[in-house]
Structures are given as structure tokens and as C-alpha cells.
Amino acid sequence: MKVYFIGAGPGDPELITVKGQKIIKKADLIIYAGSLVNPAVLDVAKNNSEIYDSAAMTLEEVLEKMEAAIADGKLVARVHTGDPSIYGAIQEQMDALEEKGIDYEVIPGVSSFLATAAALKREYTLPDVSQTVIVTRLEGRTSVPDKEKLHKLAKHNASMAIFLSVHMIEDVVKELAQEYPIKTPVAVVQKASWFDEKKVVGTLETIAAKVKEAEINKTAMVVVGDFLDTEYSKSKLYDKDFSHEYRKSKTGSN
Ligand code: SAH
């Protein structure tokens, strides 16, 4: 038997992968990050599965539960929000399982920064605007390496998705405004893909006030960059003048 780390997706219970849901259906023990995972993703669990919310547990308690279940030949699902590789605190769990000789596997999920782009109907990687997405956060109780301070990353004027920071929106804006032009668009999406999703769109000048007015102070993504509202070049991939591996040029020029 194995421990499966599963990305539950951003909220909408249909945004978990088929593979992740299959494991949840079969799991004997489910430990989920209750502060953010929509409990509706667990509706498919079998009646006799044991379910725990890790919000109230320490790392040691989580590991103890996993170890005992595996020793009993049980299937374990460890459910994280979005994708577990992003601010999921799964490395320490995987390393501990490795040490204990317990087999595990990771099933990825739809991260909330992707659900945010979907909610906004925008593409992060517009040709001639930005071909880079920076995923970051402001320092909280977890520190951020000095080289990655927000104003330093901002130098690139790339598309940026800022996690875990909406409650410090003024600080986010202060850091970004050191490098992005003040008219740069910014959007904030709270609970992307949930039934009570909220969106606000503005610029570096206006966004902080709009976020306060909408009373958004947690579970929200801050995205910044010209990808939100700009002129851009059409992609080469679907350009009739270009051929590539799967399609010949329709005009024969390339
Ligand atoms: N592993 C998760 C992120 C966990 S950190 C993922 O891949 O999405 C928690 C932060 O993620 C929150 O503070 C918020 O910034 C963001 N977040 C999580 N769910 C969200 C959602 N549905 N909409 C917007 N932001 C979300």
C-alpha cells in the first residue's frame, strides 16, 4: 500500500484529476488540508473511510496516522489544495516517508494560479508581452530569500502570480510599483473556481482600495502584468505563414 499526495485543485470539486478522484474513492485514510481544500472533493470517499483535517494536526501527527494506516495495509490519500508542489509543505512529508521506507506517489492538481487565469480569461504568456510567469509570495512567517524579494523579481515586468499575500496588498503594491509602471494592470481573484468566487481588476494605483472595498483578505491570488490588458502579437503556433512539426505552412513561406 502507498501514500498518495493528491492535488485537490483550486476549489471546484470537478477540478480534481480523474486519477486523484479514483484514489479518494478507494482510500481508507484521508488527511486533507481543511483550511483550503473544498470538503466537497471528499464526497466520493467510501463510507467507512477515516477522514482527518490536517489544519489541527502537527507534521508528526500526520506522519503517525499515515504510518499506522500503511502498517495495517490501508490506502492513504493526503489531499492538498491546488497542486501540492506549490506552497504545499509536502517535501518534509515525502522525506519522512522516504526515511521510514513507506512508498508514496504524487498526483498533481490544478494550481489556483491557473484557475485564476481561467477566471480572468487571460493568458499569462502573450507573445511580445511576457513569456515568463513568476510564482511567488511576500514574506510572511516563512521568509523569502533576499534575491527573490518582490521588488527584485518585479524588475522583469513579467507576468506574476503572487500567493499568500493579499492581506498585505499595500506592501505588494509598494514593491511592484518600484519597477512596473504605475498604470500596469493588476487583478485579484478570491476563491477562484468556487461558487463564491470574487474578482477585482485595477492598476497598481487603484487595486489596494478595490481589494479593501471588496473585503478580500484571504484565499486570493494577486496577478500583475500587461498580459491582463494589452496589445500583443498573435502566436506563431497557429500562424498560417508558419509550419511546424504537426502542420505545414499554408503559404509556403516558412
Ligand atoms: N498549493 C496551492 C497553494 C497553497 S498556498 C495551489 O497550488 O494553489 C495558499 C494560497 O493559495 C492562498 O493564500 C491563495 O493565495 C492561493 N489560493 C488557494 N486557493 C485559491 C483559489 N481558489 N483562488 C485564489 N487563490 C487561491
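Nothing here was measured: the structure is a model prediction, and the numbers come from that model. Counting of residues starts from 1 at the beginning of each chain's written sequence and follows it residue by residue. The model is predicted, so local features are restricted to residues of pLDDT at least 70 and side-chain atom pairs to those at 80 or more, both for listing and for counting; the totals for chains, interfaces and linings are taken over all residues. Just so you know, side-chain values use all the structure's heavy atoms and leave hydrogens and water out.

**Student:** Would you explain the overall build of the protein chain in this entry?
**Tutor:** A run of DSSP states H or I qualifies as a helix once it reaches four residues; a run of E qualifies as a strand once it reaches two. Both are numbered from the N-terminal end. Helices and strands together make up the secondary structure of the protein chain, namely 7 helices and 10 strands. Principal-axis analysis of the C-alpha atoms places the extent of the protein chain at approximately 60 × 50 × 35 Å. Counting all 254 residues of the protein chain, 43% fall into the buried class. Restricting to contacts in the protein chain with at least 6 residues of sequence separation, those with at least 24 account for 65%. Computed with a 1.4 Å probe, the accessible areas rest on the Shrake-Rupley method; for each residue, only the protein chains presented here act as cover. Looking at the protein chain as shown, the accessible area adds up to about 14,000 Å², and 50% of this sits on carbon and sulfur atoms. Averaging the positions of the 32 positive and the 38 negative side-chain charges in the protein chain gives two centres separated by 5 Å. Exposure classes here rest on a 1.4 Å probe applied to the protein chains alone. A residue is buried below 20% of its type maximum, exposed above 50%, and partly exposed in between. Note on contacts: a residue pair is in contact if any heavy atoms of the two residues lie within 4.5 Å. Note on charges: Lys and Arg go in the positive column, Asp and Glu in the negative column, and His and the chain ends are not counted at all. Where a charge lies is defined by one atom per residue type: Lys uses NZ, Arg uses CZ, Asp uses CG and Glu uses CD.

**Student:** Would you take a moment to explain the site of the ligand for this structure?
**Tutor:** Around the ligand there are 18 residues in total, and Ile86, Ser111, Ser112, Ala192 and Ala220 lie nearest to it. The definition of a polar contact used here is a pair of N or O atoms within 3.5 Å, where within protein one atom must be able to donate a hydrogen and the other to accept one, and adjacent residues in sequence count solely through side-chain atom pairs. Take aspartate 83: an N or O atom from its main chain is 2.9 Å from a nitrogen atom of the ligand. Lysine 191 places a polar main-chain atom, nitrogen or oxygen, 3.4 Å from a nitrogen atom of the ligand. Polarity classes work like this: nonpolar for Ala, Val, Leu, Ile, Met, Phe, Trp, Tyr, Cys and Pro, charged for Asp, Glu, Lys and Arg, and polar for all others, with Gly in that last group. Taken together, the residues that form the shell around the ligand break down as 11 nonpolar, 5 polar and 2 charged. A single heavy atom is enough: if one lies within 4 Å of a molecule or strand, its residue is considered near that molecule or strand.

**Student:** Could you clarify how one ought to interpret unusual backbone geometry in this entry?
**Tutor:** The bulk of non-glycine residues show a negative phi, and the bulk of peptide bonds are trans. A positive phi is found at aspartate 128, a non-glycine position, where the angle reads about 65 degrees. Mapped onto the elements of the fold, aspartate 128 is located in the loop between helix H4 (112-120) and strand S6 (133-137). A relative accessible area of 71% places aspartate 128 in the exposed class. At lysine 191, a position not held by glycine, the phi torsion is positive, near 50 degrees. By relative accessible area, lysine 191 is classed as partly exposed at 22%.

**Student:** Looking at this structure, I do not really get the pattern of salt bridges. What am I missing?
**Tutor:** Salt bridge, as used here: a side-chain nitrogen of Lys or Arg that lies within 4 Å of a carboxyl oxygen of Asp or Glu. With the rule as written, the count across this model stands at 11 salt bridges. One salt bridge in this structure joins lysine 212 and glutamate 170, with 3.4 Å as the shortest N-O distance. Taken together, the residues lysine 212 in helix H7 (residues 207-213) and glutamate 170 in helix H6 (residues 169-176) connect sequence positions 42 residues apart. Note on lysine 212: relative accessible area 43%, which makes it partly exposed. Exposure remark for glutamate 170: the relative accessible area of 40% places this residue in the partly exposed category.

**Student:** Explain the packing of helix H2 (residues 59-71) against helix H3 (residues 91-100) here, please?
**Tutor:** Each pair of packed helices gets described by two things: the angle between the helix axes and the distance between those axes. Axis separation between H2 and H3 bottoms out at 11 Å; the angle between their running directions is 45 degrees. Regarding the angle of H2 to H3, the classification is oblique. Crossing of H2 against H3: the hand is right-handed. Here H2 contributes Leu59, Val62, Leu63, Met66 and Glu67 to the contact with H3, which in turn contributes Glu92, Gln93, Ala96, Leu97 and Lys100. Of the residues contributing to the contact of H2 with H3, the split by class is 6 nonpolar, 1 polar and 3 charged. Think of each axis as a best-fit line through the C-alpha atoms, taken over the contacting stretch in the case of a helix, with angles from 0 to 180 degrees between the N-to-C directions. Angle categories: roughly parallel below 35 degrees, roughly antiparallel above 145, roughly perpendicular from 65 to 115, and oblique for all the rest. By definition, turning the near helix anticlockwise from the far helix through less than a right angle yields a left-handed crossing, and turning it clockwise yields a right-handed one.

**Student:** Could you clarify how one ought to interpret the pairing of strand S2 (residues 29-32) in this entry?
**Tutor:** Two faces belong to every sheet, and in a regular strand the side chains alternate between them. Burial along S2 is two-sided: the face carrying Leu29 and Ile31 and the face carrying Ile30 and Tyr32 are both buried. Alignment of S2 against strand S3 (residues 50-53), held across 4 bridges, turns out to be parallel. Counterpart to leucine 29 in the pairing with S3 is glutamate 50. At least two bridges found by DSSP between two strands is the condition for calling them paired. Examined bridge by bridge, S2 and strand S4 (residues 76-80) share 4 bridges and lie parallel to one another. In the sheet register, leucine 29 faces S4, and the bridge partner there is valine 76.

**Student:** Looking at this model, I keep getting lost on the sheet that holds strand S1 (residues 3-7). Mind explaining?
**Tutor:** Strands belonging to one sheet form pairs held by backbone hydrogen bonds; the direction of such a pair is parallel or antiparallel. Sheet architecture is open: 5 strands sit in the order S3-S2-S4-S1-S5, paired in parallel fashion. Each edge of the open sheet is held by one strand with a lone partner, namely S3 and strand S5 (104-107). Ignoring which end each strand starts from, the neighbouring axes of this sheet average 15 degrees apart. Two strands pair when backbone bridges link them, and S1 and S5 are joined in this way by 4 bridges, in the parallel orientation. Each bridged residue has a counterpart across the sheet, and for phenylalanine 5 the counterpart in S5 is valine 106. Against the sheet, H2 engages S1, S2, S3 and S4, with an angle of about 165 degrees to S2.

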